[in-house]
Amino acid sequence: MKDISSKDMIDNLPLITRKDYTRKVCVGGLELSKDQPAVIAGPCTVESKTQIMEIAKNVKSSGAKMLRGGVFKPLTFPYGDPLMRPDSDSGITEWDRKKIPSKSELYNKAELRLGYLKEAGEKYGLPVVSEVLYADSVGIMSQYVDMFQLGYRHMFNMDLIEALSATQKPIMIKRHYGESIRSLLGVMEHFEARGKHNFICCERGVAASHTHNAESRAIIDIQAICALNEYAPSVLVFIDPSHATFKRGYVRAVSMAAIAAGADGLLIEVHPEPEKAWVDPLQALGIGDFDALMKDIARIEQALKRN
Ligand code: PEP
Ligand code: MN
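These figures come from a predicted structure and were not determined experimentally.

Visitor: Please clarify how the overall build of the protein should be interpreted in this entry.
Guide: Looking only at helices and strands, the protein features 10 helices and 10 strands. Taking 2.2 N^0.38 as the reference for a compact globule, 307 residues should give roughly 19 Å; the C-alpha atoms of the protein span a radius of gyration of 18 Å, in line with that estimate. Dimensions of the protein along its principal axes, counting C-alpha atoms only, are 55 × 40 × 40 Å. The buried share among the 307 residues of the protein stands at 54%. For the protein, the exposed surface amounts to about 13,100 Å²; the carbon and sulfur share of it is 52%. Charged side chains in the protein number 39 positive and 39 negative. The centres of these two groups are separated by 2 Å.

Visitor: So what exactly am I meant to see when it comes to the site of ligand 1 here?
Guide: The immediate surroundings of ligand 1 are formed by R68, K73, E131, Q149, Y152, R153, K174, R204, H243 and E269. Within the side chain of K73, a nitrogen or oxygen atom sits 3.1 Å from an oxygen atom of ligand 1. Split by residue class, the shell around ligand 1 holds one nonpolar, two polar and seven charged.

Visitor: Any chance you could explain the coordination of the manganese ion (ligand 2) here in plain terms?
Guide: In a perfect tetrahedron of four donors around a metal, the angles come out at 109.5 degrees. In a perfect octahedron of six, they are 90 or 180 degrees. With distances of 2.0 to 2.3 Å, the protein atoms coordinating the manganese ion (ligand 2) are C44 (SG), H243 (NE2), E269 (OE) and D280 (OD). Within one chain, the residues donating to the manganese ion (ligand 2) are spaced in sequence as C-x198-H-x25-E-x10-D. On the criterion of sequence distance, the pair formed by C44 in the loop between β3 (38-42) and α2 (49-62) and D280 in the loop between β10 (265-269) and α10 (287-303) is long-range, its members being 236 residues apart. Both residues of the pair, C44 and D280, belong to the buried class.

Visitor: Quick question: what am I supposed to make of a nonpolar patch on the surface here?
Guide: Taken together, F77, Y79 and I100 make up a surface patch of nonpolar side chains, about 350 Å² in accessible area. Secondary-structure assignment places Y79 in the loop between β4 (66-68) and α3 (103-124). With relative accessibility at 40%, the residue Y79 sits in the partly exposed group.

Visitor: Please explain the nonpolar core as it appears in this structure.
Guide: Looking at soluble globular proteins, one finds that nonpolar side chains tend to be buried together. Formed by 75 residues in total, the largest nonpolar core has its most connected members in L67, L185, M188 and F290. The dominant element in this core, judged by the number of residues it contributes, is α3, at eight residues. Look past the residues within four positions of L185 in its chain and what remains in contact with it is I4, L13, I16, L228, Y231 and A232. Of all hydrophobic cores here, the second largest spans 15 residues; its members include A38, M66, I200 and F238.

Visitor: Sorry if this is basic, but what is going on with unusual backbone geometry here?
Guide: If you check the backbone angles, H212 has positive phi at about 70 degrees while not being a glycine. Accessibility expressed as a relative area gives 61% for H212, which makes it exposed. Of note in this structure, F246 is not a glycine but carries a positive phi near 60 degrees. Looking at the element boundaries, F246 is found in the loop between α8 (241-245) and α9 (248-260).

Visitor: Can you help me understand the packing of α9 against α10 in this one?
Guide: Helix-helix packing is described using two parameters, namely the angle between the two axes and the distance between the axes. Running from N to C, α9 and α10 cross one another at 25 degrees; their axes reach a closest spacing of 10 Å. Relative to α10, α9 is oriented roughly parallel. Remark: the crossing between α9 and α10 carries right-handed chirality. Counting all contacts with α9, which are made through R252, S255, M256, I259 and A260, the residues of α10 involved are L293, D296, I297, I300 and E301. When grouped by side-chain class, the residues that make up the contact of α9 with α10 number six nonpolar, one polar and three charged.

What counts, and where the lines are drawn
- Residues numbered from 1 in each chain as written.
- Chains lettered and ligands numbered in written order.
- Predicted model: local features only at pLDDT ≥ 70, side-chain atom pairs only at ≥ 80, totals over all residues.
- Heavy atoms only, no water.
- Helix = DSSP H or I, 4+ residues; strand = E, 2+ residues; numbered from the N terminus.
- Rg over C-alpha atoms; globule rule 2.2 N^0.38 Å.
- Buried < 20%, exposed > 50% of the residue type's maximum accessible area, 1.4 Å probe, protein only.
- Areas by Shrake-Rupley, 256 points an atom, 1.4 Å probe, with all protein chains shown as cover.
- Lys, Arg positive; Asp, Glu negative; His and termini not counted.
- Charge placed at Lys NZ, Arg CZ, Asp CG, Glu CD.
- Near = heavy atom within 4 Å.
- Polar contact = N/O pair within 3.5 Å; in protein donor to acceptor, adjacent residues only side chain to side chain.
- Nonpolar A, V, L, I, M, F, W, Y, C, P; charged D, E, K, R; others polar.
- Donors = N, O, S within 2.8 Å, 3.2 Å for Na, K, Ca; no water.
- Patch = residues over 30% accessible without salt bridge, like charges linked within 9 Å, V, L, I, M, F, W, Y side chains within 5 Å.
- Salt bridge = Lys/Arg side-chain N within 4 Å of Asp/Glu carboxyl O.
- Core = buried A, V, L, I, M, F, W, Y, C linked by side-chain atoms within 4.5 Å.
- Contact = heavy atoms within 4.5 Å.
- Axes fitted to C-alpha atoms, helices over the stretch in contact; angles between N-to-C directions.
- Parallel < 35°, antiparallel > 145°, perpendicular 65-115°, else oblique.
- Left-handed = near helix turned anticlockwise from the far one by under 90°.

Listed below in structure tokens is the structure:
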């Protein structure tokens, strides 16, 4: 894999590596900035209205600035799409794990849960972010989300890059665990070259020969923060310790390290009953643990005068 050369900076990455540019990223009514790190928190998956309301209320009171919630979930295997699970609030009860939903079924259910996410965000004053999987869902999703998440599996998906470039809404681009900073900068240059400037990036771990625990796939790349701040100083760099560590017990320490190293924000999975989360139960923080984490983050910010 190639790394960044000075020729790249001139020929391939002229826009994203500009040094004299201040990027403005407004998400709903919130302006993200390099002066004040922001925390995005919420469940891996929106499971019910009750769940997302409870999470929104608590993460807001702990100091989160945005609410996350997956609705369209990328699936490693074709079975058991969480979107097809029963919905306690609307009385949807049928669920056949092995049934592959049609696109229209999927979109109907997605709109219901995107609606819960939007309602929770509006009620508690938290702009919302959710992952986009299909280029033809960008229009529907625009009605519900304040920011699109371009997941790591899709960072090079040209249909999504085109569709998202055409929207006004900001994007959070996640780096694939096997891709270099050079490639991530390349994706961001694709957006820049299409006139799309309101995006942030998110580091969610890199593939490593050892990750120190059997379930996890990645390990956090703290140096990515330094490299991104060096090569693309206008870009806000978020860190996702939840998906990077895949381990609840590591999230707090990695979060603090990321803020200390200069990250501009964090993406943290939170669930009222983490062990029962439909997706990613090993990594979500409980409400109390998240509140404790936010207090630790505040101490780091204060010590470094980042707030
Ligand atoms: C997520 O943020 O919900 C997610 C699926 O993350 P990743 O694509 O980084 O695994
Ligand atoms: Mn998750």
